[in-house]
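Spelled out from the first residue to the last, the chains are:
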Amino acid sequence: NAGVTQTPKFRVLKTGQSMTLLCAQDMNHEYMYWYRQDPGMGLRLIHYSVGEGTTAKGEVPDGYNVSRLKKQNFLLGLESAAPSQTSVYFCASSPRGRVGNEQFFGPGTRLTVL
Amino acid sequence: GESVGLHLPTLSVQEGDNSIINCAYSNSASDYFIWYKQESGKGPQFIIDIRSNMDKRQGQRVTVLLNKTVKHLSLQIAATQPGDSAVYFCAENMGSSNTGKLIFGQGTTLQVKP
């Protein structure tokens with residue numbers, strides 16, 4: 001049981017390049033989330049999904065797109081990377097979205113945009 | 001907008017002492033709160049949670065106190081150990097939402113001195 005895994009662990013992009021971050025969970029969780037964490041700050045929600053085939057915007061969705069084609073995977077895409085997107089990205093999952101269901105986090109992807 | 005904030009960015013304690021980390025929240029509709037621990041280079045890890053119908057909840061060496069009157073949350077760590085050194089985040093689930101969306105505070109760094 002690997003929990004929540006993220007690929008890649010590190011990445012350096014040039015401004016304007018695109019990339020996709022992959023999140024996978026093997027806990028059969030319904031809900032999945034993408035956050036970004038900037039230095040000295042807490043986590044901010046980018047997008048989330050309440051089930052396979054569904055996605056919704058979070059607090060800071062601009063510049064990102066997501067897809068949840070399979071229940072176990074949640075992809076975060078950057079179509080045209082900008083230096084402001086330099087951050088550490090965390091994926092999380094939970095069994096349900098209701099109160100009392102903690103979110104389980106992956107190890108993070110450190111992205112630098114030059 | 002709503003915010004969850006921590007009173008102190010850094011807390012330094014002596015090994016063996018008790019630690020108290022504070023958190024203020026502003027949304028009176030929040031009904032679920034979680035404390036996460038984040039070690040360097042890792043994703044947040046669940047510590048303990050509490051629902052709004054409770055004032056106190058205890059775990060192993062940790063206690064969370066909730067004061068809804070002043071919208072204040074605290075995490076108490078007994079007999080603090082070097083392994084407790086990390087950044088601690090409080091997070092709130094905003095009431096009527098069934099999506100599990102959490103709002104995170106900025107975090108408090110706990111430093112344990114040997």
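Below you will find a few notes about this structure.

1. So, the interface of chain A and chain B
At step 1: In this complex, chain A contributes 22 residues to the contact, which on the side of chain B involves 22 residues.
At step 2: Summing both partners gives a buried area of about 1800 Å² for chain A against chain B, and 55% of it is carried by carbon and sulfur.
At step 3: For the pair chain A and chain B, the interface holds zero salt bridges.
At step 4: Connecting chain A to chain B are two residue pairs in polar contact (both at pLDDT 80 or more).
At step 5: Contributions of two or more residues to the side of chain A that touches chain B are made by strand 4 (31-37) and strand 5 (43-49) of chain A.
At step 6: No other element matches the four residues that strand 4 of chain A contributes to the side of chain A that touches chain B.

2. Let's talk about the sheet that holds strand 7 (residues 65-67) of chain A
Residue and element names in this part refer to chain A.
At step 1: Here four strands make up an open sheet; going across it, the order is 1-3-8-7 and the pairing antiparallel. For this open sheet the edge positions go to strand 1 (4-7) and strand 7, each flanked by a neighbour on one side alone. Strand-to-strand twist across the sheet, computed as the mean angle between neighbouring axes with direction ignored, equals 20°.

3. A short note on the state of the cysteines
Each disulfide consists of one covalent bond between the sulfur atoms belonging to two cysteines.
At step 1: Counting across every chain of the model gives two disulfides over all chains.
At step 2: Between the sulfur atoms of A:Cys23 and its disulfide mate A:Cys91 the distance is 1.9 Å. Measuring the twist about the S-S bond at about -75°, one finds the A:Cys23-A:Cys91 disulfide to be left-handed. Of this pair, A:Cys23 sits in strand 3 (residues 19-25) while A:Cys91 sits in strand 9 (residues 87-94), placing them 68 residues apart in sequence.
At step 3: Of the residues examined, A:Cys23 reaches a relative accessible area of 0% and is grouped as buried.
At step 4: The residue that forms a disulfide with B:Cys23 is B:Cys90, at a sulfur-sulfur distance of 1.8 Å. Handedness of the B:Cys23-B:Cys90 disulfide follows from its S-S torsion of about 55°: it is right-handed. Remark: B:Cys90 occurs in strand 9 (residues 86-93) and B:Cys23 occurs in strand 3 (residues 19-25); sequence separation between them is 67 residues.

4. Notes on the side chain of A:Glu102
At step 1: Tracing the chain through its elements places A:Glu102 in the loop between strand 9 and strand 10 (104-105).
At step 2: When near neighbours in sequence (up to four residues on either side) are disregarded, A:Glu102 contacts A:Ser93, A:Ser94, A:Pro95, B:Tyr32, B:Ile34, B:Tyr36 and B:Phe46.

5. Regarding the pattern of salt bridges
At step 1: Counting across every chain of the model gives eight salt bridges over all chains.
At step 2: One salt bridge in this structure joins A:Arg44 and A:Asp38, with 2.6 Å as the shortest N-O distance.
At step 3: Two residues, B:Glu39 and B:Lys37, come together in a salt bridge whose shortest N-O distance is 3.6 Å.
At step 4: For B:Glu39, a relative accessible area of 26% puts it in the partly exposed group.

6. A few points about the pairing of strand 4 of chain A
Residues and elements named next belong to chain A.
At step 1: Of all the seven residues making up strand 4, seven are buried; the element is thus mostly covered by neighbouring parts of the structure.
At step 2: The alternating pattern of strand 4 places Tyr31, Tyr33, Tyr35 and Gln37 on one face and Met32, Trp34 and Arg36 on the opposite face, and all of these are buried.
At step 3: Of the pairings in the sheet, the one linking strand 4 to strand 9 comprises seven bridges and is antiparallel in character. Within the sheet, the bridge partner assigned to tyrosine 33 lies in strand 9 and is alanine 92.
At step 4: By the bridge criterion, six bridges tie strand 4 to strand 5 in an arrangement that is antiparallel. Within strand 5, the residue paired with tyrosine 35 across the bridge is leucine 45.
At step 5: If you look at the hairpin formed by strand 4 and strand 5, you'll find five residues sitting between the two strands, and glycine 40 has a positive phi there, around 70°.

7. Brief notes about the nonpolar core
At step 1: Judged by nonpolar contacts, the single largest core of 20 residues is most densely connected at B:Trp35, B:Leu73, B:Leu75, B:Tyr88 and B:Leu110.
At step 2: The set of elements that each furnish at least two residues to this core consists of strand 2 (10-14), strand 3, strand 4 (32-38), strand 5 (45-51), strand 7 (62-67), strand 8 (72-77), strand 9 and strand 11 (108-113) of chain B.
At step 3: Aside from chain neighbours lying at most four places away, what touches B:Leu110 is B:Leu11, B:Val13, B:Ser19, B:Ile77, B:Thr80, B:Asp84, B:Ser85, B:Ala86 and B:Tyr88.
At step 4: Residues A:Leu13, A:Met19, A:Trp34 and A:Ala81 belong to the second largest nonpolar core, which totals 18 residues.

Conventions we followed
Residues numbered from 1 in each chain as written. Chains lettered and ligands numbered in written order. Predicted model: local features only at pLDDT ≥ 70, side-chain atom pairs only at ≥ 80, totals over all residues. Heavy atoms only, no water. Contact = heavy atoms within 4.5 Å. Buried area = accessible area lost by both parts, 1.4 Å probe. Salt bridge = Lys/Arg side-chain N within 4 Å of Asp/Glu carboxyl O. Polar contact = N/O pair within 3.5 Å; in protein donor to acceptor, adjacent residues only side chain to side chain. Helix = DSSP H or I, 4+ residues; strand = E, 2+ residues; numbered from the N terminus. Pairing = 2+ DSSP bridges. Axes fitted to C-alpha atoms, helices over the stretch in contact; angles between N-to-C directions. Disulfide = S-S within 2.5 Å. Buried < 20%, exposed > 50% of the residue type's maximum accessible area, 1.4 Å probe, protein only. Core = buried A, V, L, I, M, F, W, Y, C linked by side-chain atoms within 4.5 Å.

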